[in-house]
Amino acid sequence: MPQHVFPSTDEVLSGLADFFVAQARAAVAARGRFAVALSGGSSPKKLYELLASAAYRGQVSWPQVFFFFGDERNVPADDPQSNYRMAKTALLDPLGIPAAQVFPVNTTLPPAEAARAYTQTIADFFAETPARFDLVLLGLGDNSHTASLFPHTSVLRATTADAQVVFVEELQADRITLTAPLINQARAVAFLVFGADKAAAVRRVLHGERNVAEYPAQLIAPAAGEAHWFLDQAAASELPG
Ligand code: 6PG
């Protein structure tokens, strides 16, 4: 799993923005479109703002880019907790991305229905081919979760490449998440992790004992692709060597 370690957070963000541009260009050149699943939480907000900035916005053919979400909270689209709202504010609106190119989870539905509907949305987009995202962006929680694949949850045992609902005890909340099999069908996966508070989780996932129940991000290993880790030195500080 290629690790890209940078001295500062800003350099990690630029490194991942460059990677995003390269992946987008390659996908559009090869297949005429770039299907990306965005990650949520706080880490990627600055990445999205950077991609929408004058430094990067001209480097991608945005009309050929289609946006999905790796997971979503069970909240309205205008809720401050919504991953869609964060991406809309930081990336989609500044770039003027039309709604037809954006596929949010429909959280007006009850969570189980929202997951089933999202599975259908993804299947419809990829038509008869298996659903292969060109890029899945992921974060990492300090408990080693990624997307909404939280420790000791039933979704970790999913064998189907789809979107599922998961009740997260520690949050006392439902989440909708892509399953590991669906994420692992991607051509590329990129983790964005920075800060010393993530260093232990990074070490456990990359170099700890194999224990996917405790360290769910260990499930991520694209079958025909690569999982790239974009880290600052603080997050990489517990890695050997
Ligand atoms: C979410 C994300 C989640 C996130 C990690 C890290 O919906 O919260 O999908 O997996 O990437 O929790 O979050 P931070 O970037 O806020 O530390």
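Please refer to the structure placed before this passage.
How each quantity is defined
Residues numbered from 1 in each chain as written. Predicted model: local features only at pLDDT ≥ 70, side-chain atom pairs only at ≥ 80, totals over all residues. Heavy atoms only, no water. Near = heavy atom within 4 Å. Polar contact = N/O pair within 3.5 Å; in protein donor to acceptor, adjacent residues only side chain to side chain. Areas by Shrake-Rupley, 256 points an atom, 1.4 Å probe, with all protein chains shown as cover. Salt bridge = Lys/Arg side-chain N within 4 Å of Asp/Glu carboxyl O. Helix = DSSP H or I, 4+ residues; strand = E, 2+ residues; numbered from the N terminus. Contact = heavy atoms within 4.5 Å. Core = buried A, V, L, I, M, F, W, Y, C linked by side-chain atoms within 4.5 Å. Buried < 20%, exposed > 50% of the residue type's maximum accessible area, 1.4 Å probe, protein only. Phe/Tyr/Trp six-rings, centres within 6.5 Å; stacked < 30°, edge-to-face > 60°.

> Please provide a residue-by-residue account of the site of the ligand, values included.
Within the structure, the ligand sits among 15 residues, and Ser42, Ser43, Asp71, Arg73 and Ala147 are positioned closest to it. Contacts to the ligand include Ser43, whose side-chain N or O atom sits 2.6 Å from an oxygen atom. Within the side chain of Lys198, one N or O atom sits 2.8 Å away from an oxygen atom of the ligand. For the ligand, the protein covers 87% of the area, taking 420 Å² as the surface of the free molecule.

> Which residues make up the pattern of salt bridges, and what values go with them?
Throughout the structure, instances matching the rule amount to six salt bridges. The partner of Arg175 in a salt bridge is Asp71, with the nearest N and O atoms 3.4 Å apart. Taken as a pair, Arg175 in strand 7 (residues 173-178) and Asp71 in strand 4 (residues 71-73) lie far apart in primary sequence, 104 residues in all. For the salt bridge of Arg203 with Glu238, the shortest nitrogen-to-oxygen distance reads 2.7 Å.

> Before we move on, could you go through the environment of Pro222 and cite the residues and values that matter?
Inspection of the secondary structure assignment puts Pro222 in the loop between helix 6 (199-207) and strand 9 (226-232). Between the C-alpha atoms of Pro222 and Asp71, which are 151 residues apart in sequence, the distance is 17 Å. If near-sequence neighbours (up to four positions away) are discounted, Pro222 is found in contact with Asn184, Ala186, Val189 and Ala227.

> Go over the nonpolar core, please, and point to the residues and values.
Counting 86 residues, the largest nonpolar core has Phe67, Phe68, Phe133 and Leu137 as the members making the most contacts within it. If you tally residues by element for this core, the top one is helix 1 (residues 9-31), at nine residues.

> Break down the packing of aromatic side chains for me, citing the residues and quoting the values.
Taken as a whole and judged by the stated rule, the model has 15 aromatic pairs. With centroids separated by 6.3 Å and ring planes inclined at 15°, the aromatic side chains of Trp62 and Phe67 adopt a geometry described as stacked. For the pair Trp62 and Phe67, one class covers both residues: buried.

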